[in-house]
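# Secondary and tertiary structure notes
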Amino acid sequence: MSAPVVSATMGAMNPLIGKLATLMGEEYKKLTGVRRQASFLKDELSTMKALLEKLELMNELDPLAKNWRDHVREMSYDMENCIDDFMQDLGGVDAKTGFIKKTVKRLKMLRKRHRIADRMEELKALALQANERRMRYKIDDCANSTTRVVPIDTPMVAIYKQAAGLVGIDGPKKELVSWLTDTQEKVKVVAIVGFGGLGKTTLAKQVYDTIGGQFSCTIFLSVSQRPYMSSLLGGLLSKLGMKEELTHAHDVQDIIGRLREYLTPKRYLIVVDDLWDQSTWNIMSCIFPEVRNGSRVIVTTRVEDVAIWACHNDHECVYRMEPLKEQDSRMLFCNRVFGSGNVCPPDLKEVSVEILKKCGGLPLAIITIASLLASHQTRSKDKWESIRNSLGAKIATNPTLEEMRSILNLSYMHLPLHLRPCLLYLGMYPEDEMVMRHDLVLQWIAEGLVNCSHGSDLEDIGKSYFNELINRSLIQPAGTSESGEVEGCRVHDIMLDLIVSKCVDQNFINVAYNCEDVAKMHACEYKVRRLSLKSSTNDATLRIVDTSMSQVRSFAQFGESKYTPPLSLFKYLRVLVFIFPFTRSTIVDLTAIGQLFQLRYLKVSAFPCFIDLPTEIRGLVHLETLEISGNSPSIPSDIVCLPRLSRLILQCLSLTRLPQGIANIKSLRALHCMENISLEDINAVGELTSLRELRLSTKVVAGEVDALVSLIGKLHDLKYLAVRAESSKHHCDPMYSLSNPPLHIEELDLFGWTLKRVPTWIGDLHILRILVLWVDNLSNDEVHVVGKLPCLVHLDLWVSAEGGAAICTGLFQVLKVLRLFSHDDVAHMQFQIGLMPSLRQLTLEVNNGWGGAVPRGMEHLLALDHISVFARDGVNHHDVESAFRSVVDVHPRRPSLEIIPPPSLDSINLVKL
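If you're wondering where the values come from, they're calculated on a predicted model, not measured in any experiment.

### Thoughts on the pattern of salt bridges
For the structure on display, the rule yields 45 salt bridges. Salt-bridge contacts for Arg-529 lead to Asp-78; the nearest nitrogen and oxygen are separated by 3.1 Å. Taken together, the positions of Arg-529 in the loop between helix H23 (515-523) and strand S10 (530-533) and Asp-78 in helix H3 (residues 63-89) put the pair 451 residues apart, joining distant regions of the chain. Relative accessible area serves as the criterion here: at 1%, Arg-529 is assigned to the buried category. Taking the shortest distance from any N to any O, the salt bridge between Asp-457 and Arg-669 comes out at 3.0 Å. With Asp-457 in the loop between helix H20 (437-446) and helix H21 (458-471) and Arg-669 in the loop between strand S16 (647-652) and strand S17 (670-677), this pair connects stretches of sequence that are 212 residues apart. According to the relative accessible area criterion, Asp-457 is partly exposed, its value standing at 25%. Overlapping salt bridges bring together Lys-66, Arg-69, Asp-70, Arg-73, Glu-74, Asp-78, Asp-505, Lys-527 and Arg-529 as one network.

See below:
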């Protein structure tokens, strides 16, 4: 049976009808009148739902129809809240009949039953009024006469594939590279200016990737229209590995001083993306020290005056982007719709030319429309002509924000209905924010936006929703992992503008930047259902929230604040998110969350803030995700009593061990704890047989190796396992005797666990994609064990002994990333023809005693895009760069080159945790 889902336009109508059906069940039969009232309400609301479903398919509504739809949507939220309160009084949705009998007696004593009956009568009256208004204003006739968009059949969700190759960019890239690689020693600023959707960020990223290897420090920084400088620059400090300095920085000026100090001895390349005004540049430019070493800065902006200002009025350093030429537009379009190298069928050529003319050479418009057309399972000329007719006529000659939004709106209106609220939910996030896929999917689930059918896993369905939004180019992939999966997304600012406007129109999400925004919400006709406070909100803004917002279902706060709104007000909250990136130390007061009985998802990321948790949370019976990143000395002990907790992420600076009794949380599917855990913890985790993902950190002490091997053997359904240890001084011999490894595992990270050799059972992991190992020796047989793994795309290997094994042709056929750290001289390495045909990234280590030679046969790695070389202390970095540069210069793909300091256990990030 399909689970009822929340909708942007229908509100909570679907889950409300489902809960009314529950009230009609046997467990509530002792409550006189409740089942009868619930049955009446269910029938009334079901008829309204049928009309709402028709209205949801329409682009423009008659004002009467829109007013009625909005009223019913808000009514559904209020009704669901009322039913939730009722069920909470009865002990929850999962109450048993025996408990209900006892509860009924208690309700009679407390006279709650009469109040519940009265409330049900009120709900009945509201439903009748809504249906009377429907008849009086003939809403059904309005619906039948409104122009409607043809619904699109949902295509089968495909694994993410990049929308199209980059076209029309080679010329601009070449020109910008020449500007940036001249002999000028002074810091040079180059600006890229152009209309939104022209591809400024894409061009800047291509140039950045092309020349980045020539600089000792490279930074790509997105600014956005409303930057909060403390968080922005504090985030930059953290990215540069300066978290300790951040804790001592008191204000923006202090952060700037520390950044300048860091950059002064370095030759840097910095991209400042999406700059909107001169005042922001005046602050940003202060971090760039005037060094005479050829450092470079690239700025992208829509505003020509800002571009000229950033370049110190040097017009020769301003690159003005132009729309794509006709040939490039056609190539981009056809690559997306028909696949690379394919041409448009003759019957669609004429209409495709007309569609392209209306896109005006804007890559964002072309990709969006092409993705819409590609989403159709069949290519009908009539459908293509319908889409052509829906496009505005002005964009080809006079591109404006409104014309671009009309194109994006067309793609939105062709979205399957279940994807619309999922796309709109991205309005909770700030502009230019990288949104992690797993966060977004779990928030969708918590809000009831994901429809589960036929026993499918909700997270898998949510992931398919995410992939479909990527495939339709409505969101942009970001943070692709080494194994090829998209880890997150970003939303183009023009698309975000459209999303926010849709959220306002449908009262789906309210966004506040300041006190005035919150004051407008108080004056609004409708209650706030989801609230996002963006980075520039202040404590005064938060205090206004005190007096209202009791109906909020999702609350997110981004950016620094010393004040936490009174969470006890938000009794219907499902999703609670605090993201305080790289802020100064403060307190996040979560002591009231124990009263949020509907809470399903809680995430706090607030390094180095102190996170104050309640002593008890056993009342959060619906909580599924708990993620705490910050300074919290303890976790409520009764967390082990939560019946639905499936994801527990603890990255707490002061946490010394996992909660006692964690073995009782049998519902756990994911567990992360990156502080050192104990032997007792490892034994307890072995009892959590539902785990799919386990990431732990531990010190290696007596008994832990045996416990770790036992744990791996018990958790048969693991897909991701990362148990990191401080470098072990003794060998992990029991690892070789593991007889029943988890055969479904896709990622195995045993960083810090020293092995004499590669365990033979690793060869049985046929779907393993990521492997991290430390070994003493690497024989030819062991290389074959790893090299024959059919799905291995990422390998991190630390080899202690000198003298390596031969890596023969035919091995590592799908490997994309190899990071090899060995005491052996890289000169002994040889890459044969046909070896690692898919390898894109290669990382090597150069040790003391290096003779100056490089691995032989690197030109045979035909897919290679990037080479990183860790140069040990005592090795001349300039000599290393010169030696490997000679390889890069003759390589057919001219991969980028990066020479970096030696890795350490604390600094290297082998696999993202």
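Moving on, there is more to tell.
### Side note on the confidence of the model for the protein
Mean pLDDT over the protein works out to 81, with 84% of the residues at or above the 70 mark. Between residues 92-97, whose pLDDT stays under 50, and residues either more than four places distant or in other chains, the model counts nine contacts. Note on residues 146-165: pLDDT is under 50 here. Beyond four places in sequence and across chains, it has 48 contacts.

### Topic: empty space enclosed by the protein
According to the stated counting rule, one finds five cavities of 30 Å³ or more in the structure shown. What lines the largest cavity is simply Leu-426, Tyr-429, Pro-430, Glu-431, Asp-432, Glu-433, Val-435, Val-491 and Leu-496. Counted by class, the lining of the largest cavity contains six nonpolar, no polar and three charged residues.

### Structural notes on the packing of aromatic side chains
Under the counting rule described, the total for this entry stands at 16 aromatic pairs. Summarising the aromatic geometry, the rings of Tyr-268 and Phe-288 are spaced 6.3 Å apart at their centres and angled 25 degrees between planes, so their arrangement reads as stacked. Here Phe-288 lies in the loop between helix H12 (278-284) and strand S4 (296-301) and Tyr-268 lies in strand S3 (residues 268-275), a separation of 20 residues in the sequence. Grouping residues by exposure puts Tyr-268 and Phe-288 together as buried. Geometrically, the ring pair formed by Trp-281 and Phe-288 is tilted, given 5.8 Å between the ring centres and 45 degrees between the ring planes. No difference in accessibility class separates Trp-281 from Phe-288, as the two residues are buried. Joined through ring pairs, the aromatic side chains of Phe-751, Trp-774, Trp-798, Phe-821 and Phe-870 make up one cluster. Between Arg-267 and the ring centre of Phe-215, over which it is positioned, the NZ or CZ distance is 4.3 Å. Arg-757 extends its terminal NZ or CZ atom over the ring of Tyr-736, reaching a point 4.2 Å from the ring centre.

### A word on the side chain of Arg-553
Positionally, Arg-553 belongs in the loop between helix H24 (539-545) and strand S11 (554-558). We classify Arg-553 as buried; its relative accessible area is 1%. The contact partners of Arg-553, leaving out residues within four places of it in the chain, are Val-6, Ala-12, Tyr-77, Glu-80, Asn-81, Glu-447, Arg-529, Arg-530, Tyr-572, Leu-573, Arg-574 and Val-575.

### Looking at the side chain of Asn-510
Within the fold, Asn-510 resides in strand S9 (residues 510-512). Asn-510 has contacts with Met-521, Val-528, Arg-529, Arg-530, Leu-531 and Ser-532, leaving out every residue within four places of it along the chain.

### A word on the environment of Val-880
Looking at where Val-880 falls in the secondary structure, it is placed in helix H28 (residues 877-890). Residue Val-880 is classed as buried on the basis of its relative accessible area of 0%. When the C-alpha positions of Val-880 and Phe-870 are compared, they lie 9.4 Å apart, and in sequence the two are 10 residues distant. If sequence neighbours within four positions are ignored, Val-880 has contacts with Val-846, Trp-850, Val-869, Ala-871, Val-875 and Ile-899.

### Some points on the sheet that holds S4
Within a beta sheet, neighbouring strands are joined by backbone hydrogen bonds and run either parallel or antiparallel to one another. Within the open sheet, the five strands sit side by side as S2-S3-S4-S1-S5. Their pairing is parallel. Looking along the sheet, the strands with just one partner apiece sit at the ends: strand S2 (217-222) and strand S5 (318-320). Along the sheet, successive strands turn relative to each other by an average axial angle of 15 degrees, direction set aside. Where S2 meets S3, six bridges bridge the pair, whose relative direction is parallel. Each residue of the ladder has a partner; that of Ile-219, found in S3, is Ile-270. Relative to S2, helix H8 (residues 200-211) is tilted by about 170 degrees, and along the sheet it contacts strand S1 (188-193), S2, S3, S4 and S5.

### Here we look at the sheet that holds strand S6 (residues 435-436)
The three strands are arranged S6-S8-S7 in an open sheet whose pairing can be described as antiparallel. Looking at strand neighbours, the two that pair on one side only are S6 and strand S7 (476-480), the edges of this open sheet. Across four bridges, the pairing between S7 and strand S8 (residues 486-490) is antiparallel. Note that in S8 the partner of Ala-478 across the bridge is Gly-488.

### What to know about the packing of helix H2 (residues 34-56) against H3
Geometry of a packed helix pair, given as the angle between the helix axes and the separation of the axes. At a closest axis distance of 11 Å, the pairing of H2 and H3 adopts a crossing angle of 145 degrees. Between H2 and H3 the crossing geometry is left-handed. Facing Val-34, Leu-41, Leu-45, Met-48, Leu-51, Leu-52 and Leu-55 of H2, the residues of H3 in contact are Ala-65, Trp-68, Arg-69, Val-72, Met-75, Met-79 and Phe-86.

### Considering unusual backbone geometry
Unusually for a residue other than glycine, Asp-274 sits at a positive phi of about 65 degrees. Along the chain, the position of Asp-274 falls in strand S3. In this structure, Asp-432 is a non-glycine residue whose phi angle is positive, near 65 degrees. When you line up the elements, Asp-432 lands in the loop between helix H19 (420-424) and S6.

### Here's the deal with H3
Here H3 contains 27 residues, and its C-alpha end-to-end distance of 40 Å stays within 8% of the 39 Å for a straight helix at 1.5 Å per residue. By the N-cap criterion, in which a side-chain oxygen at the helix start approaches the backbone nitrogen of a residue two or three places on, H3 is capped by Asp-62, the distance to Leu-64 being 2.8 Å.

### Structural notes on the packing of helix H9 (residues 229-239) against helix H11 (residues 252-263)
The contact between H9 and H11 brings their axes to 10 Å, and the two run at 25 degrees. Here H9 is positioned roughly parallel relative to H11, judged by the angle of their axes. Once H9 is placed against H11, the crossing between them reads as left-handed. Taken together, the residues of H11 that come into contact with H9 (itself represented by Met-229, Ser-230, Leu-233, Gly-234, Leu-236 and Leu-237) are Val-252, Ile-255, Ile-256, Arg-258 and Leu-259. Each residue belonging to the contact of H9 with H11 can be placed in one class, and the counts come to eight nonpolar, two polar and one charged.

### Here's the deal with the pairing of S16
Buried residues dominate S16, accounting for five of its six residues. Here strand S15 (residues 625-631) runs beside S16; their pairing, made up of six bridges, is parallel. The residue of S16 that forms the bridge with Ser-629 is Gln-651.

Reading the values: rules and limits
- Residues numbered from 1 in each chain as written.
- Predicted model: local features only at pLDDT ≥ 70, side-chain atom pairs only at ≥ 80, totals over all residues.
- Heavy atoms only, no water.
- Salt bridge = Lys/Arg side-chain N within 4 Å of Asp/Glu carboxyl O.
- Helix = DSSP H or I, 4+ residues; strand = E, 2+ residues; numbered from the N terminus.
- Buried < 20%, exposed > 50% of the residue type's maximum accessible area, 1.4 Å probe, protein only.
- pLDDT = per-residue confidence, 0-100.
- Contact = heavy atoms within 4.5 Å.
- 1 Å grid on protein atoms, 1.4 Å probe; cavity = no way out; pocket = protein on both sides within 12 Å on 5 of 7 lines; lining within 4 Å.
- Points joined across faces, edges and corners; volume = space filled by probe spheres on them.
- Nonpolar A, V, L, I, M, F, W, Y, C, P; charged D, E, K, R; others polar.
- Phe/Tyr/Trp six-rings, centres within 6.5 Å; stacked < 30°, edge-to-face > 60°.
- Lys NZ or Arg CZ within 6 Å of the ring centre and 35° of its normal.
- Pairing = 2+ DSSP bridges.
- Axes fitted to C-alpha atoms, helices over the stretch in contact; angles between N-to-C directions.
- Left-handed = near helix turned anticlockwise from the far one by under 90°.
- Expected span 1.5 Å × (residues − 1).
- Polar contact = N/O pair within 3.5 Å; in protein donor to acceptor, adjacent residues only side chain to side chain.
- Parallel < 35°, antiparallel > 145°, perpendicular 65-115°, else oblique.

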